[in-house]
Amino acid sequence: MLDVKIPEGKLSEKWTHYKGHCKLVNPANKRNLEIIVVGTGLAGASAAASLGELGYQVKAFCFQDSPRRAHSIAAQGGINAAKNYQNDGDSVYRLFYDTIKGGDYRARESNVHRLAEVSTNIIDQCVAQGVPFAREYGGLLSNRSFGGTQVQRTFYAAGQTGQQLLIGAYQALERQIALGNVKMYNRHEMLDIVMVEDKARGIIARDLITGNLERHFGHAVLLCTGGYGNVFYLSTNAMGSNVTAAWKAHKKGAFFGNPCFTQIHPTCIPVSGDHQSKLTLMSESLRNDGRIWVPIKKEDSRKAKDIPETERDYYLERRYPAFGNLVPRDVASRAAKERCDAGYGVGTSKQAVYLDFTEAIIRYGKIEIGKKGLTTISESDIYKLGVDVVKEKYGNLFDMYQKITGDNPYEVPMRIYPAVHYTMGGLWVDYELMTSVKGLYCLGEANFSDHGANRLGASALMQGLADGYFVIPYTVGNYLADEIRTTNISTNHPAFAETEKKVNDRIEQLMQIKGTKSVESFHKRLGKIMWEKCGMARNAEGLKQAISEIQNLKKEFWNDVRIPGSIYEMNPELDKAGRVADFIELGELMCLDALTREESCGGHFREEFQTSDGETLRQDDKFMFVSNWEHKGEHEWELIKEELKYEEVKPSKRSYK
């Protein structure tokens, strides 16, 4: 039933073979083909710019006031590429292998190898756009390490890599807008896919300023709408990040792949109270130089500086000596939770661990002494010189931490704790990034394809730009070559009218509830259920309870939610209500998926399936597949498996010790 469309031949030659044999659309015909791009973060902006450059007529939609507001700007630490600038043994194969291993052998080999192949092109593209990557003294681009690797392959722009990359993509997009190849629709939210003869032929979008619904035709539709981590309410995602576009596609027939695979990021500023609506991430790049520890003594209430070195447990270095503080995110997150649950947590909540830069500051200070040729210098001066180096590498992150917590991380260790970050699940796509719906594509974090059960750090930006700049221009052309005789379908077509009516009816149904509870209160309650029963650790009993609780929450939502204002005006509460309604349905599917997958792998940790030392226990003989869910009706889904076959990498126990 699933046609993955993986090309024939050796793994290392598949993408080259595909590019040499795919169908093409000539320039004159491209001008007659319309493509809709929903979402203008890194994946969407790069795709819209690239397709506009090729000559297609592109319509791009974002619900923000500008593409520059996309959540891609929040990515801090860097972007991976197998350039091997450090001459430390990196290669395309090693990036491919690290990504497969990091995903706990639950990713599709062909897609991951292609990602590793095009990674080197991304850096050249971005440098040509003027992205200000950090450089060494001699002018070469600088690299640093991220978790799950033993090489330095992460390119970065201080602690704002995502922002700088998005500005590059945004400039390319704006150029195409100026040339008339791309038409930009800001403050528009896609609320459904229009199907004509079993193909995606357009969308229904809502103007978030006026409230009016609009019909838009496209020969193909690209969803580039990011992840769904906000199903947990508290996450590192922007408040507007949602699953609505992907969920509407799912209910129109697009399979949802691996929905329970959620990434918990280990270096987040801990929750400080019930007042919070989101969490703030401290970049994984800080683990290059910061050492993570807790006191050896339980319930130790002393300040960090009063705890001597001999009474500190650098638990990642102790448990995983080969990788130390640079183990993958899922491993570091579980280890922090285990220490805190065992009574070794720090801070007032005891739900935190220390991230300490003291040693790095002193080390850098001593290096500066040598560089400057100094002979006699005090310890305080050494420390000051080291602080200057750390400021240059991570200064904006340290400033952010101090503004939020009031603590100076140059003087006291940061306190961190895991939080929901990235979602590896998403719409199922084949090798061409097409969903199970013809003509409907999905790019970036919104699809499931490249990360398996856990994403390695600095790979999100890589995937988004790879999909947009280097993959979709070939694959969408292969589909559109057969559509050149399809004339533009009028938006008066019955399929457009019928879909718009369904969207309008749902909006009116929401407004007519006139209940007593706010949208936010339902979102918070959903998040609490998800975090406690489908978060860092899951078990069968808790997941069954969660499914029942979410079903009851859905009934209550549709009977008692309160939405002020009216439809035909700017109404953020109405926008949020639609998104939370979709999150509730997604939450049920996530718990169902987690319940069905009776193994532990990557970020999916079933308590019943763990080794004697608390590591994940995969069941390759039973679960080496992608879980694809087809929507059948309310509370009903059918599981369709895509078997994962490994030609180059032999699945083994994932060890970072």
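Rules behind the numbers
Residues numbered from 1 in each chain as written. Predicted model: local features only at pLDDT ≥ 70, side-chain atom pairs only at ≥ 80, totals over all residues. Heavy atoms only, no water. Buried < 20%, exposed > 50% of the residue type's maximum accessible area, 1.4 Å probe, protein only. Helix = DSSP H or I, 4+ residues; strand = E, 2+ residues; numbered from the N terminus. Arc of directions from axis to C-beta. Contact = heavy atoms within 4.5 Å. Domains from an automatic or database assignment. Buried area = accessible area lost by both parts, 1.4 Å probe. Salt bridge = Lys/Arg side-chain N within 4 Å of Asp/Glu carboxyl O. Polar contact = N/O pair within 3.5 Å; in protein donor to acceptor, adjacent residues only side chain to side chain. Nonpolar A, V, L, I, M, F, W, Y, C, P; charged D, E, K, R; others polar. Pairing = 2+ DSSP bridges. Axes fitted to C-alpha atoms, helices over the stretch in contact; angles between N-to-C directions.

A. Geometry of helix α1 (residues 14-21). The complete set of buried residues in α1 reads Lys 14, Trp 15 and Tyr 18. On an axial view of α1, the arc spanned by its buried residues comes to 95°, and they lie on one face. Residues of α1 that are exposed and angled more than 90 degrees away from the buried face: Thr 16 and Gly 20. Of the surrounding secondary structure, the elements contacted by the buried residues of α1 are α5 (109-129) and α12 (460-480).

B. Representation of the domain arrangement of the protein. Per the domain assignment, the segments of the protein are domain 1 (265-420) and domain 2 (501-643). Its C-alpha centre places domain 1 at a distance of 34 Å from the equivalent point of domain 2. The partner domain 2 presents 10 residues to the 11 residues of domain 1 that form the contact. Counting each side, the surface lost to burial between domain 1 and domain 2 is near 800 Å², with a carbon and sulfur contribution of 58%. When the area that domain 1 buries against domain 2 is broken down by residue, the three leading residues are Asp 330, Arg 334 and Lys 337, summing to 50%. Here domain 1 is connected to domain 2 by one salt bridge. Residue Glu 615 pairs with Arg 319 through a salt bridge whose shortest N-O separation is 3.2 Å. Taken together, the links from domain 1 to domain 2 amount to four residue pairs in polar contact (both at pLDDT 80 or more). Counting only elements with at least two residues in the side of domain 1 that touches domain 2, the list comes to α9 (329-341) and β15 (414-423). The element that contributes the greatest number of residues to the side of domain 1 that touches domain 2 is α9, accounting for four residues. Across the side of domain 1 that touches domain 2, the residue classes break down as four nonpolar, two polar and five charged.

C. The arrangement of the environment of Leu 374 in detail. With respect to the element layout, Leu 374 can be found in the loop between α10 (358-372) and α11 (379-405). With residues up to four places along the chain from it excluded, the contact list for Leu 374 reads Ile 369 and Leu 385.

D. Broad picture of the sheet that holds strand β11 (residues 262-268). Taken together, five strands build an open sheet; the order of strands is β11-β15-β14-β12-β13 and the sheet is antiparallel. The strands lining the two open edges of the sheet, one partner per strand, are β11 and β13 (312-313). The pairing of strand β14 (residues 353-356) with β15 spans three bridges and is classified as antiparallel. Considered in β15, the bridge of Leu 355 is made with Met 414. Of the strands in this sheet, β11, β12 (291-295), β13, β14 and β15 touch α9, which is tilted by about 65° from β11.

E. Layout of unusual backbone geometry. With phi around 55°, Asp 104 is a residue other than glycine that occupies positive phi space. In this structure, Asp 104 sits in the loop between α4 (92-102) and α5. A relative accessible area of 0% means that Asp 104 is categorised as buried. The phi torsion at Glu 197 lies on the positive side, around 55°, for a residue other than glycine. Tracing the chain through its elements places Glu 197 in the loop between β6 (188-196) and β7 (199-207).

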